[in-house]
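Here is how the chains run, residue by residue.
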Amino acid sequence: MTQSLASDITTGPNQGDFDYSQKRIDDASSQLQVPLKTIDLSVGFSHSTILNEISLSFPKGTITALVGPTGCGKSTFLRTLNRMNDHVRGFWHKGSVVLDDVNIYDKSVDPLVLRRNVGMVFQRPNPFPMSIKDNVVSGVKAHKLAKRKDLLAIAESQLKEVGLYDAIADRMDDSPFRLSGGQQQLLCLARALAVGPEVLLLDEPTASLDPVSTSSVESLISALVPKLTIVIVTHNLAQARRIAQHAAFFFNGELVEHGLAAQVLEDPEHETTAQFVTGRMG
Amino acid sequence: MQATWVFDGRSSTTVSAPGDVLAPSRIDERDSGNGVGQFARNDRPMSILKKVFPKGDTLLVWFCKFLSYLPLLALLGIVGELFFQALPSIKVSGFGFFTTSDWKPGSSYANPISTSGVMHPPGAHFGIVPLIVGTISTSLIAIVIAVPVSIGAAIIIVEKLPAKLSGFLGLSLEVLAGVPSVVFGLWGVLVLGPFLSHHITPFISKHAPNVPVLNIFKGPTGAGEGLLTSGLVLSLMIIPIIASTCRELFRQVPVTAREGARALGMTDYEVVRKVDIPWVSSGIIGASVLGLGRALGETMAVAMISGSVTGTFPANIYSTMSTIAATIVSQLDSALTDSTNFFVSSLAEAGLVLLAMSLMANLFARFLVKRVSGTALPVGRGV
Ligand SMILES: Nc1ncnc2c1ncn2[C@@H]1O[C@H](COP(=O)(O)OP(=O)(O)O)[C@@H](O)[C@H]1O
Ligand SMILES: [Mg+2]
C-alpha cells in the first residue's frame, strides 16, 4: 500500500528518531515510528508569515489533535502536509515536511502521488456531482488502482468500512446530495480511504454535523487507527479528549506545546495552553 | 425573447436568444396588491380573509397581467401570420416541400398557372431538404467547435488566470458577442475564406483518409465560400455566448468540491472533468442550446459566406450551400417581384420550418437537462 514517493529514494519504516524525551513520555512510546513530521516549518502567503518554525512529529498509527484558537494557522499547517497550499497564490514555505524519510517538497516528489498517500477530509462534506458509487471510487479510478469490473465491489466494501452501506445499499447509483450531512461526510471519508492512504488529514470533520453524526464519524476515526496515522484539526476539545492520543496546541502561528493528549489537554505546561483548554480563551 | 438562468438564486446571467423556450421570462404577477397601502389609507387592520382592491389597483393588476402575456401574444401572432402567409405554399407543395430538393421560383414572364386553387408561376418548385441539411450542418460544425473551446476558455479564465487578466478576457468575450454579424460576414469573405482555401483546406483534402464519414474532407476545396467557412464563422459568433455563460457557471462550482478532488490526487484535467463540468452540466447544455439557437437562425454572415447555392446538397465539407435563414434574406427581394406571391409564401413556409427546428433544439435540450440532473445535481446545490 505504501507507495514510494520518490523513485530514487527507498522508503521504509523509520525507527527511533521520534523525540518526545523532554515531554515526559512513557517508555513504550519512545520507540514509536514516525511516518510524518515537520522540521522547522515556516509557512506564509506573500508577505505575511502564518506559521513560524513548527517542528512536530506524528507517531504512526495514532490520532494527533491540533487545537488552538481560530485563525492560529491550524488549517494552513494541515494543508501544508499534503501540499494543498501549492495551489494558493503567494504560498511559500521554509523548512521541510518529511514523509517516510522523503521531503515532500522535494522536486522528485509528485504531489498527486503524495496526496494519494496523505488523504484529506474537509470541514464541510464535499461529494462530487456523480453517483454515490462513483464518488467512492473516484480516486481509485483517477489513479487507475483497480479494474473497472472490481469498482463496485470496492465501493461496497469501503462503504461498509465507514458504516454507511446498510443505509444506502439500494441507492448506490443515486445522487449523494440527497444524503444527510453526516452521511455525506462518511461518504467523503470512504472516498479518501478508498485510495489507501497511510496518513489521513482531517480539518474539523465534524464542525458542520449534528451530535449523532458527529459521534458516528468519531467512532469511525477511532477505528481507523492503528492502521492509519491521523491528524485532526478540531475546535472541539471534548472531541480531542475522546479520540486523540497526541495533541498539539497552536497559538498565533507558533507551536506552543505538544505531547500526549492527556497531558496537553488536561495538565498543560504553558499558561496559554492552560487558558485555552480550560475555556478561558476562545 | 429573454432567457434568465437563475441558479440557486445566487447569481444569474441574462442572455437573449432567438426562440429560446428553455427558461422563458415572465413578469412576476403574484400578489400584486399587498395590502400595505390599504392599511395606511383605510386606517383599519387589513383583513386576512378578503382582499379588497381599490379601483386603481385592479386596473394595475390587469395591465400587468396583460403585459405578462404580451410575449406569448407576440409569438402566437408571428406564428399565425407566418402560417397564414405560408398557406398557399403548403397547399401546392404539400409533403413535397419536405422530400424534394429543387428550389426554383419558376418563370416570372409566363402566365401564372393554378394548382389546388393557388396561382403560381409555371415551373415553380420548392423543396427545402438541402436548406435543412445546410442549416443543420453549419450549426453542427459551429457547435462541435464552439462548445469545447468555450468550456476550455471559461475554465481557464475562471481557474488559471490572475484576476486582472481574467477580467479583461471576460470583457473581451462580451465585446466579441456584440460584434454585428455583418462584420463577421465581411471577415469571413475577405479574410478567413481566402486564407482557408489557399493555405489550409487543400492540405486537409489531400491527406484526409478516404473512409466513410472522414471522406467529407476529401474532394475539391473551392474558393473559400461554403459549409466549412460558414460553420467556422458561426462557431466564432457563438463562442462568446457559450463561453461567457460557462464562465458564470464555473464560478459557482464551490471551491470545497474542487479541493476535494485535488486532495484525492486528481490532475487538473480530472478535476475539471469530474467536478467542474458535471457540477454545471445542465447549465452547459442550456448555454450550448443558446448558441445553437443563434447558429440555426444566423442570417447575414451565412448569407455572405455560404455561396448561396440552393437546390443541391453539399458534396463535401468545402461545398457552397445555403441555410434556411440565409436563403430567406437573400431571396426575399426577388420573391417580392413574384406577382402571384407564391415565392414569398414558400419563404414563409421555410421560416416556419426554421422556427420548428429551434423549438425542437430547445425541447431536446430540456430532455438532456432532465437526464443529466438525474444522476448529477442542479447547479449550486449541495455544498
Ligand atoms: N490563502 C490565504 N492567503 C492569505 N492568508 C491566508 C490564506 N489562508 C489563510 N490565511 C490566513 O492564515 C491565518 C490562519 O488561517 P487558518 O489556517 O485557516 O486558521 P485556523 O484553521 O487555525 O482557523 C489566518 O489569519 C488567515 O487569514
Ligand atoms: Mg481552519
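Residues numbered from 1 in each chain as written. Chains lettered and ligands numbered in written order. Predicted model: local features only at pLDDT ≥ 70, side-chain atom pairs only at ≥ 80, totals over all residues. Heavy atoms only, no water.

Enquirer: Describe the overall build of chain B, with residues and values.
Expert: Within chain B one finds 13 helices and six strands. Out of the 383 residues in chain B, the part that is buried amounts to 43%. (Helix = DSSP H or I, 4+ residues; strand = E, 2+ residues; numbered from the N terminus. Buried < 20%, exposed > 50% of the residue type's maximum accessible area, 1.4 Å probe, protein only.)

Enquirer: Outline the sheet that holds strand β4 (residues 91-99) of chain A, listing residues and values.
Expert: Ordered by their spatial adjacency, four strands build an open sheet running β2-β1-β4-β5 (chain A), and the pairing between neighbours is antiparallel. Each having just a single partner strand, β2 (48-58) and β5 (102-103) of chain A make up the two edges of the open sheet. (Pairing = 2+ DSSP bridges.)

Enquirer: Talk me through the nonpolar core; I want residue IDs and the actual numbers.
Expert: Ranked by size, the top nonpolar core spans 115 residues in total, and within it Leu159(A), Leu189(A), Leu200(A), Ile230(A), Trp103(B) and Phe250(B) carry the most contacts. No other element matches the 10 residues that helix α7 (residues 227-251) of chain B contributes to this core. Ranked by size, the runner-up nonpolar core spans 32 residues in total, among them Leu41(A), Leu51(A), Leu81(A) and Ala248(A). (Core = buried A, V, L, I, M, F, W, Y, C linked by side-chain atoms within 4.5 Å.)

Enquirer: How would you summarise the confidence of the model for chain B if you had to cite specific residues and measurements?
Expert: All names here are of chain B. Residues with a pLDDT of 70 or more make up 83% of chain B, whose mean pLDDT is 84. This model gives residues 1-41 a pLDDT under 50, and the stretch forms 73 contacts once residues within four places in sequence are excluded. Across residues 375-383, confidence stays below pLDDT 50; counting only partners more than four residues off in sequence or on other chains, it has 29 contacts. Across the interface, the model reports ipTM at 0.84; the global pTM reads 0.78. (pLDDT = per-residue confidence, 0-100. Contact = heavy atoms within 4.5 Å.)

Enquirer: Give me the lowdown on the confidence of the model for chain A, citing residues and values where you can.
Expert: Considering every residue of chain A, the mean pLDDT works out to 87; 88% of them sit at 70 or more. Note that residues 6-30 of chain A has pLDDT below 50 and, in this model, 37 contacts with residues that lie over four places away or in other chains.

Enquirer: Pulling in residues and values, what's your account of the pattern of salt bridges?
Expert: Tallying each qualifying case throughout the model produces 18 salt bridges over all chains. Close ionic contact of Glu271(A) with Arg280(A) constitutes a salt bridge, the shortest N to O distance being 3.7 Å. Given the relative accessible area of 55%, Arg280(A) is considered exposed. Its salt-bridge partner being Glu174(B), residue Arg247(B) comes within 3.0 Å of it at the nearest N-O pair. (Salt bridge = Lys/Arg side-chain N within 4 Å of Asp/Glu carboxyl O.)

Enquirer: Provide a residue-level description of the side chain of Thr221(B), including the pertinent values.
Expert: Residue and element names in this part refer to chain B. Here Thr221 is to be found in the loop between α6 (181-207) and α7. Owing to a relative accessible area of 16%, Thr221 belongs among the buried residues under this scheme. In this view, Thr221 contacts Thr201, Pro202, Ser205 and Tyr318; residues no more than four positions away in its chain are not counted.

Enquirer: I'd like a description of the sheet that holds strand β9 (residues 246-251) of chain A, backed by residues and values.
Expert: Residue and element names in this part refer to chain A. Within the open sheet, the six strands sit side by side as β6-β7-β8-β3-β9-β10. Their pairing is mixed. The sheet is open, and its two borders are formed by β6 (118-121) and β10 (254-260), each paired with just one other strand. Each strand of the sheet is rotated relative to its neighbour by a mean of 15 degrees, with strand direction disregarded. Where strand β3 (residues 63-67) meets β9, four bridges bridge the pair, whose relative direction is parallel. (Axes fitted to C-alpha atoms, helices over the stretch in contact; angles between N-to-C directions.)

Enquirer: Quick rundown of helix α10 (residues 281-297) of chain B? Include the residues and the values.
Expert: With 17 residues, α10(B) extends 24 Å between its outermost C-alpha atoms, agreeing within 8% with the 24 Å of an ideal straight helix rising 1.5 Å per residue. Of all 17 residues that make up α10(B), 15 are buried, and the element is covered over most of its length. (Expected span 1.5 Å × (residues − 1).)

Enquirer: Describe the interface of chain B and chain A, listing the residues and the values that go with them.
Expert: Note: interface size is frequently given as the accessible area lost on complex formation between the parts. Between chain B and chain A, the residue contacts involve 28 residues of the former and 28 residues of the latter. Counting the surface chain B buries against chain A, the share from its top three residues, Ala263(B), Leu264(B) and Lys274(B), is 27%. Counting the contacts that link chain B with chain A gives one salt bridge. Between Arg79(A) and Glu259(B) there is a salt bridge, with the nearest N and O atoms lying 2.7 Å from each other. Counting across the interface, chain B meets chain A through four residue pairs in polar contact (both at pLDDT 80 or more). Secondary structure elements with two or more residues in the side of chain B that touches chain A: α8 (255-263), α9 (268-279) and α13 (342-375) of chain B. In terms of residue count, α8(B) provides more of the side of chain B that touches chain A than any other element does, seven residues in total. For the side of chain B that touches chain A, the per-class residue count stands at 14 nonpolar, seven polar and seven charged. (Buried area = accessible area lost by both parts, 1.4 Å probe. Polar contact = N/O pair within 3.5 Å; in protein donor to acceptor, adjacent residues only side chain to side chain. Nonpolar A, V, L, I, M, F, W, Y, C, P; charged D, E, K, R; others polar.)

Enquirer: Tell me about the site of ligand 1, residues and numbers included.
Expert: Residue and element names in this part refer to chain A. Taken together, the neighbourhood of ligand 1 is formed by Phe45, Ile50, Thr70, Gly71, Cys72, Gly73, Lys74, Ser75, Thr76 and Val88. Taking Ser75, its side chain carries an N or O atom lying 2.6 Å from an oxygen atom of ligand 1. When the free accessible area of ligand 1 is taken as 560 Å², the share hidden by the protein chains comes to 59%. Element by element, the count of residues in the shell around ligand 1 is highest for helix α1 (residues 74-80), at three residues. Within the shell around ligand 1, the residues separate by chemical class into four nonpolar, five polar and one charged. (Near = heavy atom within 4 Å. Areas by Shrake-Rupley, 256 points an atom, 1.4 Å probe, with all protein chains shown as cover.)

Enquirer: So what's going on with the packing of aromatic side chains? Residues and values would help.
Expert: On inspection of all chains with the given rule, the structure shows 13 aromatic pairs over all chains. In textbook terms, an aromatic cluster arises when at least three aromatic residues are bridged by ring pairs, as seen for Phe97(B), Phe98(B), Trp103(B), Phe126(B), Phe342(B) and Phe343(B). Its end group placed over the ring of Tyr165(A), Lys160(A) keeps NZ or CZ at 4.8 Å from the ring centre. (Phe/Tyr/Trp six-rings, centres within 6.5 Å; stacked < 30°, edge-to-face > 60°. Lys NZ or Arg CZ within 6 Å of the ring centre and 35° of its normal.)

Enquirer: So what about the packing of helix α5 (residues 163-177) of chain B against α7(B)? Which residues, and what values?
Expert: All names here are of chain B. In contact at an axis separation of 8 Å, α5 and α7 are set at 140 degrees when each is read in the N-to-C sense. With respect to their mutual orientation, α5 and α7 come out oblique. The handedness of the crossing between α5 and α7 is left-handed. Of the residues in α7, those touching α5 at Gly170, Leu173, Glu174, Leu176 and Ala177 are Leu236, Pro240, Ala243, Ser244 and Arg247. Among the residues making up the contact of α5 with α7, the classes are represented as six nonpolar, two polar and two charged. (Parallel < 35°, antiparallel > 145°, perpendicular 65-115°, else oblique. Left-handed = near helix turned anticlockwise from the far one by under 90°.)

Enquirer: Account for the side chain of Glu257(A), with residues named and values stated.
Expert: Residues and elements named next belong to chain A. Here Glu257 lies in strand β10. Given a relative accessible area of 1%, Glu257 falls into the buried group. Only 3.1 Å separates the side chain of Glu257 from the backbone nitrogen of His270, close enough to count as a polar contact. One polar contact links Glu257 to Thr273, side chain to side chain, over a distance of 2.8 Å. Those residues in contact with Glu257 that lie beyond four places of it in its chain are Ala247, Ala248, Phe249, Gln263, Val264, Pro268, Glu269, His270 and Thr273.

Enquirer: Got a sec to walk through the pairing of β3(A)? Specific residues and values, please.
Expert: Burial analysis of β3(A) places five of its five residues in the buried class, which makes it a mostly covered element. Residue alternation in β3(A) divides its side chains into two sets, Ile63(A), Ala65(A) and Val67(A) and Thr64(A) and Leu66(A), and both sets are buried.

Enquirer: Explain the pairing of strand β8 (residues 229-233) of chain A to me, using residue names and the numbers behind them.
Expert: Residue and element names in this part refer to chain A. For β8, a buried count of five out of five residues is recorded, marking the element as mostly surrounded by other parts of the structure. Where burial is concerned, the two faces of β8 agree: the one with Thr229, Val231 and Val233 and the one with Ile230 and Ile232 are both buried. Inspection of the sheet shows β3 paired to β8 by four bridges, in the parallel sense. Bridge pairing in β8 links Thr64 to Val231. Direction of pairing for strand β7 (residues 199-203) relative to β8: parallel, over a ladder of five bridges. Across the sheet, Leu200 pairs through a bridge with Ile230, a residue of β8. You can see the chain leave β7, run along helix α7 (residues 211-224) and come back into β8, and the turn it takes is right-handed. (Right-handed = clockwise from strand over helix to strand, strands pointing away.)

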